[in-house]
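Structural overview for review
One letter stands for each residue in the lines below.
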Amino acid sequence: MEKTYNNDAAVAATNLTKIFRDFWRRPKKLAVDDVSFSIRRGEVFGLLGPNGSGKSTTIKMLLGLLRPTSGNVSLFGMSPEKRQVREKVGYMPELSHFHLYLTPRETLRYYAGLFNIPARDAEEKIAYLLDKTNMTEAGDRPLGEFSKGMARRVGLAQALLNDPELIILDEPTSGLDPIGRHDVKELIKELAAADKTVLLSSHLLAEVEDVCDRVVILCDGHIGAEGSLSELLEKRDLVRMTADTAYEEQITSVKHDIEKDGGKVLLDRPAMTLEEYFLEIVKQEQKGESSK
Amino acid sequence: MRRQIGAIFVLGVRSALRSRLVMALFVLLIFITSGIKGDGTAAGELRMQLTWTLGTAFAVLSAASLWIGCSTLAADIETGRHTGTAVSPVPPAFVWIGRWLAIVTVNVLLLAFVMVLLFIKLRTGAFTAGETAVSRLLEIDPQSIEQMALNDYNSAAEQGLIPPGISGEEVLELILKDLRTSYISVDPEVWVAWHFMLEKGDSLQPVRLKFSFVSPLGASGGVEGYCEVRNEEEEVVAQLALGEDDIGSVELYIPAGELGDDASAFTVVFQNTADPETGTGVLVHHMESVKAYVPSGGMALNMLKCWFALSAMFALLAAIGVTCGSMFSFPVAAFVSTAIVCVLLLGQGSSFEEGMEAKTVHGAHENKTPTLLTEALNKTSGKIYSTVNALMEPYTEVKALDRLGDSIAIDMRLVGKCVFWTAIVQPFIFGAFGSYVLRRREFVFK
């Protein structure tokens, strides 16, 4: 079923440019060059591009951590530095930097305090998010003992703590194992189903393809392509048919008919992705363990 | 607001308590407190414990307040740990206040820990109640000094000693300044008097007087004369003859009630009785030579007042540190904040200014006309140091450590003034600036 969007823009970036300067204010690097895009409320939007293409700089400008050299950013029609806006935004940075002596529970309590969440509500929310990110058991261990993937899960829980309307995820799956990546993708889908706006930045295209409605591809700081995934990825001069079963004669007959009119036919059997296969194996193993 | 500042405060305290620096400080403070020995006398040990131990602990904790202040925000911004806070709806001012409060709290508690250890040590030590008793310093009647200056002026005017071209007010001001800052010579057969004010109830207490002087033979010789105390009716209530054995200073005791039940003032007189033919003058100081004390409170209360005054300084240092940490990376912040503190320390007291003044006068004496540049520089630095003096005055006026070491009651009004200016107003100014910087700066991190 086609998803419907609220036409109000959750994010609007207009002619965004960022030039980093040296100590003497001389231009050093043009990181973002005249970038314009908007994200509708309830949309899952992908910000793609190779390393150094300006994704993180763009995100930092959207969050008010960096100021555009020129251009304008608005979140929910207001400046990103407004308190009312910041209350509606959750952000998971590319690298999760936490105080290593704190436990995930203490870290989340700290952020709950920043978002003015009453203690009792905060405890409930923290328990829910630790469960959601599979961190309940590790909730009282210091973050210094965690792997990168586990720290990312805490980062994700922190980004969702204030029940944000806009969630900005910068490389959310980096450092995660396939199960973690799958969980994050499922979580993004859940957020989308709950009408949350998600801005996802990544250079791992497969995961973006699975969850995003629209994408912008940044190259060297400017927009290389923009649009919905179906618009961008559709090969208009090719057709694919997939069937559960087909007899050899039926296949030969269809192939013959197409080739008769000058068409070319490529026959193959659909294969699982490695990720799908990995998840299936792990699930089977877990079932076996639990039935023992 | 409370919850947001509270979260940042708790994080700050937690990070301090779990940092190695604070643990090292803790051990160092125990070492400082337990390691100090006296000079063999009870008074010496008491003074060493209170001034040396507390002074060292204060210096260590002052440095900690400043540098932990620098590192707390600077390190978080540099490593990206501040990102989550920066994108949250917390106003930068709350971030500044939370961090500052945390550092002040940790250092103030560490100082309290040292003071409690010290107090226990002094309580369990072999000090008599008299040795640990605290006295209040009585004030010299300012009008008496002004009157003395006026007498000197009139005498000089009668003798035609006032040079033309200088106004009477200027001469009077110079004489007054001289009386307050210089030693005078009390020649044979000459006497000099000090007038003291008593607060309500003081006359019912015993008064202890300490008279210090510089004899004609310096530190090695005595004087010939007597020192006496007169009540408001000019009756002599105590007298002490000074002889060859009295070197440097003598003490007089006025028993309780001797000055009269409702006395509001008394006078101390020193008369030089040396032979006018062979004797020489004795040097005394109008502000420093005679100190009069009355009993006032106990050591615990005095230590508490000292704790407030020293804590106020931590508040200011932490404010300087956090503000520098919000602007620069840690090494730069540490350098800048230390430089600010050096300027504050250099600017304290009048010695620097007086030195500059003396140099200028000396220069003029040698007919070296100052250039416009040196004059401008002198004026500018004079302004800077007088401003720094004025800024630091609420703290320096208390003289908390000196008074504690001398067992003199610390004035509660001065402590209140010190806490208001040094721990509230001045940090507020730094805080406003630091918050502005945090609002305006960009957060670049990997």
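This one's a predicted model, so the numbers in the text were calculated from it and none came from an experiment. (Residues numbered from 1 in each chain as written. Chains lettered and ligands numbered in written order. Predicted model: local features only at pLDDT ≥ 70, side-chain atom pairs only at ≥ 80, totals over all residues. Heavy atoms only, no water.)

Once that is clear, we can look at the interface of chain B and chain A. Often, the extent of an interface is quoted as the loss of accessible area upon association of its parts. Listed by partner, the interface residues are 29 residues for chain B and 26 residues for chain A. Together chain B and chain A conceal approximately 2800 Å² of surface at their shared face, both sides included; 58% is due to carbon and sulfur atoms. Along the contact surface separating chain B from chain A lie two salt bridges. The closest approach of N and O atoms between Arg14(B) and Glu106(A), which form a salt bridge, is 3.7 Å. Across the contact surface, chain B and chain A share 11 residue pairs in polar contact (both at pLDDT 80 or more). Every element with two or more residues in the side of chain B that touches chain A is listed here: helix 1 (2-17), helix 3 (42-79), helix 4 (83-86) and helix 14 (412-440) of chain B. When residues of the side of chain B that touches chain A are assigned to their parent elements, the largest contribution, seven residues, is made by helix 1 of chain B. Of the residues contributing to the side of chain B that touches chain A, the split by class is 11 nonpolar, eight polar and 10 charged. (Contact = heavy atoms within 4.5 Å. Buried area = accessible area lost by both parts, 1.4 Å probe. Salt bridge = Lys/Arg side-chain N within 4 Å of Asp/Glu carboxyl O. Polar contact = N/O pair within 3.5 Å; in protein donor to acceptor, adjacent residues only side chain to side chain. Helix = DSSP H or I, 4+ residues; strand = E, 2+ residues; numbered from the N terminus. Nonpolar A, V, L, I, M, F, W, Y, C, P; charged D, E, K, R; others polar.)

A separate point is the confidence of the model for chain A. Chain-level pLDDT for chain A is 86 on average; 95% of the residues reach the 70-or-more range. Looking over chain A, one finds the lowest element-wise mean pLDDT in helix 10 (residues 274-291) of chain A, namely 71, and the highest in helix 3 (residues 104-114) of chain A, namely 95. (pLDDT = per-residue confidence, 0-100.)

Our focus in this paragraph is the packing of helix 9 (residues 299-327) of chain B against helix 14 of chain B. Residue and element names in this part refer to chain B. It is the contact of helix 9 with helix 14, at a shortest axis distance of 9 Å, that shows an interaxial angle of 10°. One finds that helix 9 runs roughly parallel with respect to helix 14. Looking at side-chain class alone, the contact of helix 9 with helix 14 contains 19 nonpolar, six polar and one charged residues. (Axes fitted to C-alpha atoms, helices over the stretch in contact; angles between N-to-C directions. Parallel < 35°, antiparallel > 145°, perpendicular 65-115°, else oblique.)

Along the chain, Leu114(A) turns up in helix 3. Take Leu114(A): its relative accessible area is 0%, and that puts it in the buried class. For Leu114(A) and Gly90(A), which are 24 residues apart along the polypeptide, the C-alpha to C-alpha distance reads 12 Å. Apart from the residues within four sequence positions on either side, Leu114(A) is in contact with Gln4(B), Ala7(B), Ile8(B), Gly84(B), Thr85(B), Ser88(B), Pro89(B) and Val90(B). (Buried < 20%, exposed > 50% of the residue type's maximum accessible area, 1.4 Å probe, protein only.)

What follows is about the nonpolar core. Grouped together as the largest cluster of nonpolar side chains are 145 residues, with contacts concentrated most on Phe37(A) and Cys306(B). When residues of this core are assigned to their parent elements, the largest contribution, 16 residues, is made by helix 9 of chain B. Of all hydrophobic cores here, the second largest spans 38 residues; its members include Leu176(B), Leu198(B), Ile254(B) and Val294(B). (Core = buried A, V, L, I, M, F, W, Y, C linked by side-chain atoms within 4.5 Å.)

To continue, consider the pattern of salt bridges. Under the counting rule described, the total for this entry stands at 29 salt bridges over all chains. Asp76(B) is the salt-bridge partner of Arg81(B), the closest N and O atoms lying 2.9 Å from each other. Across the salt bridge formed by Glu228(B) and Arg230(B), the nearest N and O atoms sit 2.6 Å from each other. Across the pair, Arg230(B) and Glu228(B) agree in class, each one buried. Among the ionic contacts, a cluster of salt bridges with common partners joins Arg40(A), Glu43(A), Arg214(A) and Glu226(A).

Turning next to the packing of aromatic side chains. To describe a pair of aromatic rings, one takes the distance between the centres and the angle between the planes. Residue and element names in this part refer to chain B. Counting across every chain of the model gives 14 aromatic pairs over all chains. Taking the centre distance of 5.4 Å and the plane angle of 80° together, the rings of Phe420 and Trp421 count as edge-to-face. Judged by its relative accessible area of 42%, Phe420 is partly exposed. Residue Trp421 is classed as partly exposed on the basis of its relative accessible area, which comes to 37%. Geometry around Tyr293 places Arg208 over its ring, the cationic atom sitting 4.4 Å from the centre. (Phe/Tyr/Trp six-rings, centres within 6.5 Å; stacked < 30°, edge-to-face > 60°. Lys NZ or Arg CZ within 6 Å of the ring centre and 35° of its normal.)

What follows is about the domain arrangement of chain A. All names here are of chain A. Taken domain by domain, chain A holds domain 1 (6-233) and domain 2 (248-291). Taking the mean C-alpha position of each, domain 1 and domain 2 sit 35 Å from one another. Between domain 1 and domain 2 the total buried area reaches about 440 Å² when both faces are included, carbon and sulfur atoms providing 71% of it. Three residues, Pro178, Ile179 and His182, lead the burial of domain 1 against domain 2; their summed loss comes to 78% of the area buried on that side. Taken together, the connections running from domain 1 to domain 2 amount to zero salt bridges. Counting across the domain 1 and domain 2 interface gives zero residue pairs in polar contact (both at pLDDT 80 or more). (Domains from an automatic or database assignment.)

Here Ser203(B) is to be found in the loop between strand 3 (191-197) and strand 4 (207-212). If we ignore the near neighbours within four places in the chain, the residues touching Ser203(B) are Leu198(B), Ala256(B), Gly257(B), Gly260(B), Asp261(B), Asp262(B) and Ala263(B).

Glancing now at a negative patch on the surface. Judged by side-chain charge, Glu189(B), Glu224(B), Glu244(B), Asp245(B), Asp275(B) and Glu277(B) come together as a negatively charged surface patch. Along the chain, Glu189(B) turns up in the loop between strand 2 (183-186) and strand 3. (Patch = residues over 30% accessible without salt bridge, like charges linked within 9 Å, V, L, I, M, F, W, Y side chains within 5 Å. Areas by Shrake-Rupley, 256 points an atom, 1.4 Å probe, with all protein chains shown as cover. Lys, Arg positive; Asp, Glu negative; His and termini not counted. Charge placed at Lys NZ, Arg CZ, Asp CG, Glu CD.)

Turning our eyes to something else, we now look at helix 1 of chain B. Across its 16 residues, helix 1 of chain B extends 22 Å between first and last C-alpha, which sits within 8% of the 22 Å expected from 1.5 Å per residue. Every buried residue of helix 1 of chain B is accounted for by Gln4(B), Ile5(B), Ala7(B), Ile8(B), Leu11(B), Gly12(B), Val13(B) and Ala16(B). Buried positions along helix 1 of chain B lie against helix 3 of chain A together with helix 2 (20-35) and helix 5 (92-124) of chain B. (Expected span 1.5 Å × (residues − 1).)

Right, let's get into the sheet that holds strand 6 (residues 236-242) of chain B. Note on sheets: strands pair through backbone hydrogen bonds, and any given pair is parallel or antiparallel. All names here are of chain B. Here four strands make up an open sheet; going across it, the order is 3-8-5-6 and the pairing antiparallel. Because the sheet does not close on itself, it has two edges, and the strands there are strand 3 and strand 6. On average, each strand axis in the sheet is tilted by 15° relative to the strand beside it, whichever way the strands run. Relative to strand 8 (residues 265-272), strand 5 (residues 225-230) runs antiparallel, the two being bridged by six bridges. Residue Glu228 lies in a different strand from strand 8, and its bridge partner there is Val269. (Pairing = 2+ DSSP bridges.)

When the domains of chain B are assigned, the result is domain 1 (2-133 + 299-346 + 400-440) and domain 2 (137-295). In this structure, domain 1 of chain B and domain 2 of chain B have C-alpha centres spaced 40 Å apart.

What follows concerns the sheet that holds strand 6 (residues 166-170) of chain A. Residue and element names in this part refer to chain A. The six strands lie next to each other as 5-6-7-3-8-9, forming an open sheet whose pairing is mixed. Of all the strands in the sheet, just strand 5 (89-92) and strand 9 (222-228) have a single pairing partner and so form its edges. With strand direction ignored, the average angle separating the axes of adjacent strands in the sheet is 15°. Packing of helix 5 (residues 148-160) onto the sheet brings it into contact with strand 5 and strand 6, and relative to strand 5 it is tilted by some 170°. Relative to strand 7 (residues 197-202), helix 6 (residues 178-193) is tilted by about 150°, and along the sheet it contacts strand 3 (44-48), strand 6 and strand 7.

Side chains of Val239(A), Met241(A), Val254(A) and Ile258(A) sit close together on the surface and give an oily, nonpolar patch of about 440 Å² of accessible area. Mapped onto the secondary structure, Val254(A) falls in helix 9 (residues 248-260).

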